[in-house]
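Examination of the molecular architecture
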Amino acid sequence: MKKLSDEAKTRLRSRSRLVHLGRDAETTLGFVNVPPFRGSTVLFPDVATLKSRKQRYTYGTHGTPTTDALSEAWSAISGAAGTTLVPSGLAAIVVSLMTALSAGDHLLMTDSAYQPARNFCNDTLKRMGVETTYYDPLVGSGIAALMRPNTKAVFVEAPGSQSLEVQDIPAIAASAHAHGACVIADNTWATPLFFSPHAHGVDMAVEAGTKYLSGHSDLLLGLVSANAQWFARLAKTVDQMAIPPGPEDVFLALRGLRTMELRLREAERQGLALAHWLKDRPEVLRVIHPALPDDPGHAIWKRDFSGSSGLFSVVLKPTPERAVAALLDGLELFGMGYSWGGYESLVIPFDCTNYRTATRWAPGGPTLRFSVGLEDIEDLKEDLDRGFQRLAAAA
Ligand SMILES: Cc1ncc(COP(=O)(O)O)c(C=O)c1O
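Residues numbered from 1 in each chain as written. Predicted model: local features only at pLDDT ≥ 70, side-chain atom pairs only at ≥ 80, totals over all residues. Heavy atoms only, no water.

1. Side note on the sheet that holds strand β1 (residues 82-86)
Rules: One requirement defines pairing of two strands: DSSP has to find at least two bridges between them. Helix numbers and strand numbers start at the N terminus; a helix is a DSSP run of H or I with at least 4 residues, a strand a run of E with at least 2. Orientation is described by lines fitted to C-alpha atoms, with helices fitted over the stretch in contact, and by angles between N-to-C directions that extend from 0 to 180 degrees. Any two residues whose heavy atoms approach within 4.5 Å at even a single point are treated as in contact.
With mixed pairing, the seven strands of this open sheet are ordered in space as β1-β7-β6-β5-β4-β2-β3. In this open sheet, the two strands that pair with only one neighbour each are β1 and β3 (131-135). Direction aside, the axes of adjacent strands within the sheet are offset by 20° on average. The pairing of strand β6 (residues 204-208) with strand β7 (residues 222-226) spans five bridges and is classified as antiparallel. Directly across from V206, in β7, lies its bridge partner V224. Docked against the sheet, helix α4 (residues 65-78) engages β1, β6 and β7, running at close to 130° with respect to β1. The sheet contacts of helix α7 (residues 169-178) involve β3, β4 (151-157) and β5 (182-186), and relative to β4 the element is tilted by about 175°.

Pasting the structure below:
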C-alpha cells in the first residue's frame, strides 16, 4: 500500500479522509491503528540532538504520535492550519478564549452559549480583567453596533445546543473582522462534516469531541482548530498551559473518527424522522430543529450547513411538571443525562430562563432536548408513545 500523498489528503472526500488520515504504517510498524502512546519522558540519542531542539517529540505535554494523528486528521477535515487537543470540550472553549483575550479586552458572547462557558466568562475572565457582553444570537451583522474599541473576540455557537438558534456566522465574522476581532465558534453540533468553520470566517473552532467524535459516551475530549492567522498563538497558549488529554481518550477518539460520518448521517436521519413524528403529536407545541422547513433558522442552516445532527429540542404544550416527569421517568430507551452525540438516545428537560441575560426565553411550554441514537426508530417512537400516555394520565 502506497503512503498517502499530501495531494491525496486534500483530494479525497470526507469519508475516505476519516478512514485514512492520521495513520501511517511506517509509524505503527504495519499495524492499522496508532496506539495510545503513553509517556512523560522522551529520550534523546545524543547531546547534539537534545540541544538542537529539532527532535519531533520531546516531552509528554508537547504531543505524541497519537495526538498528532488526531490533530492532523481533524485539521484536514476542518480546513484548518492546525488543531490542538485538550481534556474536555469546556477546556477547548477556555483555551480559545485565553488565546484571543488579554486584560482590558472586551468579549461578545452569544446568549445561546453552552451554559458552563458563561461561568468561565463571568468569573475567571472577569477576574483576569476581561469584560463580557452577551448578545442576541440572531443579531447577524447588527453585531457591529455592539463592538467597542477594545472588543477582541466574538464567540458564536450555532445552533445553540439547547435552544438551537442558527446564527449568521458569515455576517458576524465579517463585522468582527472589520473591527479586528477574532471569531471563535463552538461547532460541536455540526462538526466540521456539516459546517466548515474556517471557510465561513471562523478563526478558532471548538469541538467537544466528547459528543459525536467519541460517539460512545465513554470519554471527554476537546479540540480547537485554527486558521493560519491564529494557530501559532493557540498552540503556544495550549502548550504553556500544559493540559494534554489522556492518551487512551485520544486513542478512542481516533477510533470514533473512523465511523463519525456514518454515525452522524444516521443520527441526522433518525433525528429528522423523530422530529417529524413529534411535530404531529397533539402534546407537542413546537419542534425546534433547523432542518425542518418551518424552523426560524432553516434558511441560514440551508445556506451554510450540509447536514443536521441528531440533537434537537421540543416544546410541549403547557402541562404540569409531574406530567413531564411521568413521561421521562418511565422511558426504557431514552436515558437522561447531560451529554449527547453517543450511540444511545438521550432526553433531558431544560430551561434557558435561568441563565439568559440578553434575550428572553419564553417557549410557551416545558422544553425537552433529544439526542437521537442508533436504536430502531420504531422502538424509539413506541417508547415515547407510552411516555405520552403516562403524561396524559398524570396531567
Ligand atoms: C455545545 C457544547 N459545547 C461544549 C460542551 C462541553 O463539552 P465537555 O462536556 O466535553 O466539556 C458541551 C457539553 O455538553 C456542549 O453541549
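More follows now that the structure is in view.
2. Some words on the site of the ligand
Inclusion rule: Being near a molecule or strand, for a residue, comes down to having at least one heavy atom within 4 Å of it. Any pair of N or O atoms that falls within 3.5 Å is considered a polar contact. Within protein, one atom must be able to donate a hydrogen and the other to accept it, and sequence-neighbouring residues count only if both atoms are side-chain atoms. Residue polarity is assigned by list, with Asp, Glu, Lys and Arg as charged and Ala, Val, Leu, Ile, Met, Phe, Trp, Tyr, Cys and Pro as nonpolar; anything else, Gly included, falls into the polar class.
Surveying the vicinity of the ligand reveals 14 residues, the closest of which are G89, D186, T210, K211 and W340. In this structure, an oxygen atom belonging to the ligand sits 2.9 Å away from a main-chain N or O atom of L90. In this structure, T210 approaches the ligand through a side-chain N or O atom, which is 2.5 Å from an oxygen atom. In terms of residue count, the dominant contributor to the shell around the ligand is helix α5 (residues 89-100) (three residues). Here the residues of the shell around the ligand sort into six nonpolar, five polar and three charged.

3. Concerning the sheet that holds strand β11 (residues 367-371)
Strand order in the open sheet formed by four strands is β8-β9-β11-β10, with antiparallel pairing between adjacent strands. The sheet is open, and its two borders are formed by β8 (284-288) and β10 (346-350), each paired with just one other strand. Pairs of neighbouring strands in the sheet enclose a mean axial angle of 25°, with direction left out of account. Packing of helix α10 (residues 247-279) onto the sheet brings it into contact with β8, β9 (311-316) and β11, and relative to β9 it is tilted by some 10°.

4. Some remarks on empty space enclosed by the protein
Rule in force here: With a 1 Å grid laid over protein atoms only, a set of points is called a cavity when a 1.4 Å probe fits there but cannot get out and a pocket when it is open yet has protein on both sides within 12 Å along at least five of seven lines; lining residues have an atom within 4 Å of a point. Grid points are joined across faces, edges and corners, and a volume is the space filled by probe spheres set on the points.
Evaluation of the coordinates by the stated rule reveals two cavities of 30 Å³ or more. By volume, the largest cavity is sized at about 50 Å³. Forming the boundary of the largest cavity are Y212, G215, R263, A267, G341, G342, Y343, V372, G373 and L374. Looking at the lining of the largest cavity residue by residue, the classes come out as five nonpolar, four polar and one charged. Lining the second largest cavity are W74, S78, N187, P192, P197, A205, V206, E207, L223 and S225. Sorting the residues of the lining of the second largest cavity by element identifies α4, β6 and β7 as the ones contributing at least two each. No other element matches β6, which puts three residues into the lining of the second largest cavity. The class makeup of the residues in the lining of the second largest cavity is six nonpolar, three polar and one charged.

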